[in-house]
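Geometric and topological summary
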Amino acid sequence: MAAQRGGTFRSLNNANYRVWAAGALVSNIGTWMQRTAQDWLVLTILTDHNATALGIMTALQFFPQLLLLPLTGFAADRIDRRKLLMATQGAIGLLALGLGLLTVTGQVQLWHAYGFALLLGCTTAFDGPVRQAFVSEMVGDDELPNAVAINSTSFNSARMIGPAIAGLSIAAIGTGWVFIINALSFIPVLWSLLAINEGRLFKTDKPLAKSGLWEAFPYVWQQKRILFTLLMLFLMGSVGLNFPIFISTMSTLVFHGDASQYGLMTSMLAIGTISGALLAARRDKPRPALLLAGSLAFTLTMVLAALSPNEVVFCVLLVLIGLAAQTFIITANSSIQLATRPQMRGRVMAIFMAISLGGMPLGGPFVGWVVDHFGARWGLVVGACGGLAASLAALCYWLWFHHKAPSEKRSDSVS
């Protein structure tokens, strides 16, 4: 098994990936500090606990994933990925600095927060696909599933650490300084990109100049495993993965907590996602059956969370929700990357990122509306419905796949 050929963290034996992972961890902590502070800014400072405003903020930040889809995947396959990452990471850092200065000086208004969310969404629309595809350039296909899982471990370790630091920092020095700290955290990731040895990258041939994003759609349509995985991701992600809305409204409206409690609850979710990532890192290959198991477990735990009698039970269930969601997401990510030709990977991952992140703008305002009119607990029930829909799609694929001819199964299997 893969775990015996180098262990859970085997991809860190690659020097390029090790340098990248170190810089990314610092930046990820800063990013999660900003996300927590940004939600808190909108929910408690710029509005009076308005969940719809938070849903609009989420929509503005993630809608560009869909709007810019014709450009982002093409850029990830055509432009030097290391240089493109340096540009996007630098731009994200500057946006954090701008919002921080406005907040520290007391000039920030709700429309400023909306504007920065939109600009951040445009930048991350380019950053996401290239960052996903760049992992395969650093480690190659053999270690790709492990590197994807380690990436997720880093991201979710930061999700556990960042919000807790943010909650304490907001109380101690104010929301604006959290944004400025995040801006400084991009210095290590830019240094790591400069330190990467280009001669050791697993470069792939670039697509033809006339080849664009639209070539990826018939390709995805022909690869039914990719197609069904993306469908499941959309059904679950559009309403089920709106964690900022779920956690912030349960913390403030149901359990009447402060910024520290909100940060703690976000960290509890991260404990579950880290556990899911570490378990995924030990697997040799992604198992499609885990898509069904993850979505079913997500549905059940979201329903139980909606019934939580107190914040302690809710925190425990957040760990299980994170474990289920991360099992689903990492399995989907690795399965799609391994099933995709290297020359198409950037464009297919752009579709993946557009669905995983861009689906939330479609569901975020609706979830916020449900919370405002029916309460925070009903928002969790809506999220559970997304997990149930993904489970039904996974079951349909499983039934369809097992009724195919053997030759068709081989052509649609993960490569």
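The rules behind the values
- Residues numbered from 1 in each chain as written.
- Predicted model: local features only at pLDDT ≥ 70, side-chain atom pairs only at ≥ 80, totals over all residues.
- Heavy atoms only, no water.
- UniProt positions renumbered as here; feature names shortened; annotations may be inferred.
- Helix = DSSP H or I, 4+ residues; strand = E, 2+ residues; numbered from the N terminus.
- Rg over C-alpha atoms; globule rule 2.2 N^0.38 Å.
- Buried < 20%, exposed > 50% of the residue type's maximum accessible area, 1.4 Å probe, protein only.
- Contact = heavy atoms within 4.5 Å.
- Areas by Shrake-Rupley, 256 points an atom, 1.4 Å probe, with all protein chains shown as cover.
- Lys, Arg positive; Asp, Glu negative; His and termini not counted.
- Charge placed at Lys NZ, Arg CZ, Asp CG, Glu CD.
- Phe/Tyr/Trp six-rings, centres within 6.5 Å; stacked < 30°, edge-to-face > 60°.
- Expected span 1.5 Å × (residues − 1).
- Polar contact = N/O pair within 3.5 Å; in protein donor to acceptor, adjacent residues only side chain to side chain.
- Axes fitted to C-alpha atoms, helices over the stretch in contact; angles between N-to-C directions.
- Parallel < 35°, antiparallel > 145°, perpendicular 65-115°, else oblique.
- Left-handed = near helix turned anticlockwise from the far one by under 90°.
- Core = buried A, V, L, I, M, F, W, Y, C linked by side-chain atoms within 4.5 Å.
- Domains from an automatic or database assignment.
- pLDDT = per-residue confidence, 0-100.
- Salt bridge = Lys/Arg side-chain N within 4 Å of Asp/Glu carboxyl O.

Looking at an unreviewed UniProt entry, one finds the protein named Putative MFS family arabinose efflux permease, with Gallaecimonas pentaromativorans as its source organism. According to the UniProt record, the Subcellular location (unreviewed entry) comment for the protein is "Cell membrane".

Some points on the overall build of the protein
Looking only at helices and strands, the protein has 18 helices and 0 strands in total. Scaling as 2.2 N^0.38, a compact globule of 415 residues should have a C-alpha radius of gyration of about 22 Å, and the protein matches this with 20 Å. Projecting the C-alpha coordinates of the protein onto the three principal axes gives extents of approximately 60 × 45 × 40 Å. Going through the 415 residues of the protein one by one, you find that 58% of them count as buried. Nonlocal contacts in the protein, meaning residues at least 24 apart in sequence, comprise 86% of its contacts between residues at least 6 apart. Surface accessibility of the protein: about 16,500 Å² in total, with carbon and sulfur atoms responsible for 69%. Averaging the locations of the 27 positively and 18 negatively charged side chains of the protein gives two centres separated by 8 Å.

What about the packing of aromatic side chains?
Under the counting rule described, the total for this entry stands at 6 aromatic pairs. Both rings, one in Phe 243 and one in Phe 298, keep their centres 6.5 Å apart while their planes meet at 70°; by these two values the pair is edge-to-face. Residue Phe 243 is found in helix α12 (residues 243–254), and its partner Phe 298 is found in helix α14 (residues 289–306); the two are separated by 55 residues along the sequence. Here Phe 243 matches Phe 298 in class, with each residue buried.

Considering helix α5 (residues 81–104)
Helix length check: α5, at 24 residues, gives a terminal C-alpha distance of 35 Å against a target of 34 Å (1.5 Å per residue), a fit within 8%. You can read the cap of α5 off the contacts: a side-chain oxygen lies 3.1 Å from the backbone nitrogen of Arg 82, and it is on Asp 80. Among the residues trailing α5, Gly 106 stands out with phi positive, at a value near 75°.

Remarks on the packing of α12 against helix α13 (residues 259–281)
Each pair of packed helices can be described by the angle between their axes along with the distance between the axes. The contact between α12 and α13 brings their axes to 9 Å, and the two run at 135°. Put simply, α12 runs oblique to α13. Judged by the sense of rotation from one axis to the other, the crossing of α12 with α13 is right-handed. Of the residues in α13, those touching α12 at Phe 243, Pro 244, Ile 247, Ser 248 and Ser 251 are Gln 261, Tyr 262, Met 265, Thr 266 and Leu 269.

Some thoughts on the nonpolar core
The biggest cluster of nonpolar side chains holds 113 residues, and the ones touching the most others in it are Tyr 17, Trp 20, Met 232, Phe 243 and Phe 298. Here this core spans two domains, and each of domain 1 (12–203) and domain 2 (214–402) adds at least three residues to it. Dropping the residues within four chain positions of it, Phe 298 is found in contact with Met 236, Gly 240, Leu 241, Phe 243, Ile 321, Ala 324, Ala 325, Gly 383 and Gly 387.

Things to note about the environment of Phe 134
Structurally, the position occupied by Phe 134 is in helix α6 (residues 110–139). For the pair Phe 134 and Gly 346, spaced 212 residues apart in the sequence, the C-alpha separation amounts to 8.7 Å. Beyond its immediate chain neighbours, meaning those up to four positions away, Phe 134 contacts Arg 81, Arg 82, Leu 85, Leu 193, Ile 196 and Leu 201.

Overview of the confidence of the model for the protein
Low pLDDT marks regions whose predicted coordinates should not be analysed in detail. The pLDDT averaged across the protein works out to 82; a share of 90% of its residues lies at or above 70. Segment residues 410–415: pLDDT under 50, and 15 contacts once partners within four positions in sequence are set aside and those in other chains are kept.

Some points on the pattern of salt bridges
All told, the structure shown has 3 salt bridges when counted by the stated rule. The shortest N-O distance in the salt bridge between Arg 82 and Glu 198 comes to 3.1 Å. Taken together, the residues span a long stretch of sequence, with Arg 82 in helix α5 and Glu 198 in the loop between α9 (186–195) and α10 (216–222) at a distance of 116 residues. Take Arg 82: its relative accessible area is 11%, and that puts it in the buried class. Judged by relative accessible area, Glu 198 falls into the partly exposed class, the value being 35%. A salt bridge links Arg 131 to Asp 127; the shortest N-O distance between them is 2.8 Å. Linking Arg 131 with Asp 127, this pair stays in helix α6, spanning 4 residues, or about one helical turn. Assessed through its relative accessible area of 27%, Arg 131 is described here as partly exposed.

With respect to unusual backbone geometry
Notably, His 256 is not glycine yet its phi reads approximately 55°, a positive angle. Within the secondary structure, His 256 is located in the loop between α12 and α13. Judged by relative accessible area, His 256 falls into the exposed class, the value being 64%.

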